[in-house]
Amino acid sequence: MKPLERPQISRHETRQTPPYRDGQSMNDLGFCEQFTVWAVRTQWPHGENTEETGLIDDAFAALDLPEGCHLVADFTKALKQTVSRPLVIPEPTTPRLTHDEAQMLRFLAGLQGLAQCEGTPCLASPAWRPALRLVIALNAAGLHFGRRWYESASFPEALPQLH
């Protein structure tokens, strides 16, 4: 999707972190959320094979975000360093969010709101900087948390065709 094809965000729109929850269906999420969860799941240790890496590279390229794969990899690495327990990140085809994924989406959505206003968040956690870079890149690509650009389509149908 090219920048001129994306819906414009009203400056008068209030930004609140969407209520993501454990067990929520992926079909209830907007495209940005579905894409982000899929990308993180694909980058997680159970998804480290060449075919999936090529798929995620192609998906980000289709969104005019060729560096996205590296941003997600940096973010997932930082998550592993930040959280002292193993995170529950399932296979990419799992139809529902885990508690950890819901928290991750709330964190990223909150950061996206901060990235659009003045002020700098505390960057003490190793996850802040990679998460903020990812959110800024998603913003630049026209992807916003809490918005449903593709009301009638779930992630696989909404993603541009990859060739």
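Each value, and the rule that gives it
Residues numbered from 1 in each chain as written. Predicted model: local features only at pLDDT ≥ 70, side-chain atom pairs only at ≥ 80, totals over all residues. Heavy atoms only, no water. Helix = DSSP H or I, 4+ residues; strand = E, 2+ residues; numbered from the N terminus. Expected span 1.5 Å × (residues − 1). Buried < 20%, exposed > 50% of the residue type's maximum accessible area, 1.4 Å probe, protein only. Axes fitted to C-alpha atoms, helices over the stretch in contact; angles between N-to-C directions. Parallel < 35°, antiparallel > 145°, perpendicular 65-115°, else oblique. Left-handed = near helix turned anticlockwise from the far one by under 90°. Contact = heavy atoms within 4.5 Å. Phe/Tyr/Trp six-rings, centres within 6.5 Å; stacked < 30°, edge-to-face > 60°. Lys NZ or Arg CZ within 6 Å of the ring centre and 35° of its normal. Nonpolar A, V, L, I, M, F, W, Y, C, P; charged D, E, K, R; others polar. Salt bridge = Lys/Arg side-chain N within 4 Å of Asp/Glu carboxyl O.

### Remarks on helix α1 (residues 31–43)
Phase 1 of the analysis: Compared with an ideal rise of 1.5 Å per residue, which puts 13 residues at 18 Å, α1 spans 18 Å between its outermost C-alpha atoms and is within 8% of the ideal.
Phase 2 of the analysis: Here α1 lies mainly inside the structure; 13 of its 13 residues are buried.

### As for the packing of α1 against helix α3 (residues 68–82)
Phase 1 of the analysis: In the contact formed by α1 and α3, the axes pass within 9 Å of each other and the chain directions differ by 70°. Here α1 is positioned roughly perpendicular relative to α3, judged by the angle of their axes. Between α1 and α3 lies a crossing whose hand is right-handed. Along the contact surface, α1 presents Ala-39, Val-40 and Gln-43, while α3 presents Cys-69, Val-72, Ala-73, Phe-75 and Thr-76.

### Brief notes about the packing of aromatic side chains
Phase 1 of the analysis: Applying the stated criterion to the full structure yields four aromatic pairs.
Phase 2 of the analysis: When the ring of Phe-31 is compared with that of Phe-35, the centres are 5.9 Å apart and the planes differ by 25°; the resulting orientation is stacked. One end of the pair, Phe-31, and the other, Phe-35, are both in helix α1, four residues apart, so they sit about a helical turn from each other. Both residues of the pair, Phe-31 and Phe-35, belong to the buried class.
Phase 3 of the analysis: Against the face of Trp-44 rests Lys-80, its NZ or CZ located 4.9 Å from the ring centre.

### What about the environment of Gly-30?
Phase 1 of the analysis: Relative to the helices and strands, Gly-30 is located in the segment before α1.
Phase 2 of the analysis: The sequence separation of Gly-30 and Gly-146 amounts to 116 residues, and the corresponding C-alpha distance is 6.5 Å.

### Considering the packing of α3 against helix α5 (residues 128–140)
What describes two packed helices is the angle between their axes and the distance between those same axes.
Phase 1 of the analysis: Between α3 and α5, the least distance of the axes is 8 Å, while the angle of their chain directions is 150°. One way to sum up the angle between α3 and α5 is to call them roughly antiparallel. Crossing of α3 over α5 shows left-handed handedness. Residues Leu-71, Val-72, Asp-74, Phe-75 and Ala-78 of α3 touch α5, and the partners they reach there are Pro-130, Ala-131, Arg-133, Leu-134 and Ala-137.
Phase 2 of the analysis: Tallied by class, residues from the contact of α3 with α5 come to eight nonpolar, no polar and two charged.

### Section: the pattern of salt bridges
Phase 1 of the analysis: All told, the structure shown has two salt bridges when counted by the stated rule.
Phase 2 of the analysis: Taking the shortest distance from any N to any O, the salt bridge between Arg-41 and Glu-101 comes out at 2.5 Å. Placement of the pair is Arg-41 in helix α1 and Glu-101 in helix α4 (residues 99–115), with a sequence separation of 60 residues. Each member of the pair, Arg-41 as well as Glu-101, carries the same accessibility label: buried.
Phase 3 of the analysis: In this structure, the salt-bridge partner of Arg-85 is Asp-100, at a minimum N-O distance of 2.5 Å. Taken as a pair, Arg-85 in the loop between α3 and α4 and Asp-100 in helix α4 lie far apart in primary sequence, 15 residues in all.
Phase 4 of the analysis: Residue classification places Arg-85 among the partly exposed residues on the basis of a relative accessible area of 40%.
Phase 5 of the analysis: Taking relative accessible area as the criterion, Asp-100 reaches 8% and is therefore assigned buried.

No statement about biological role is implied by the geometric values presented.
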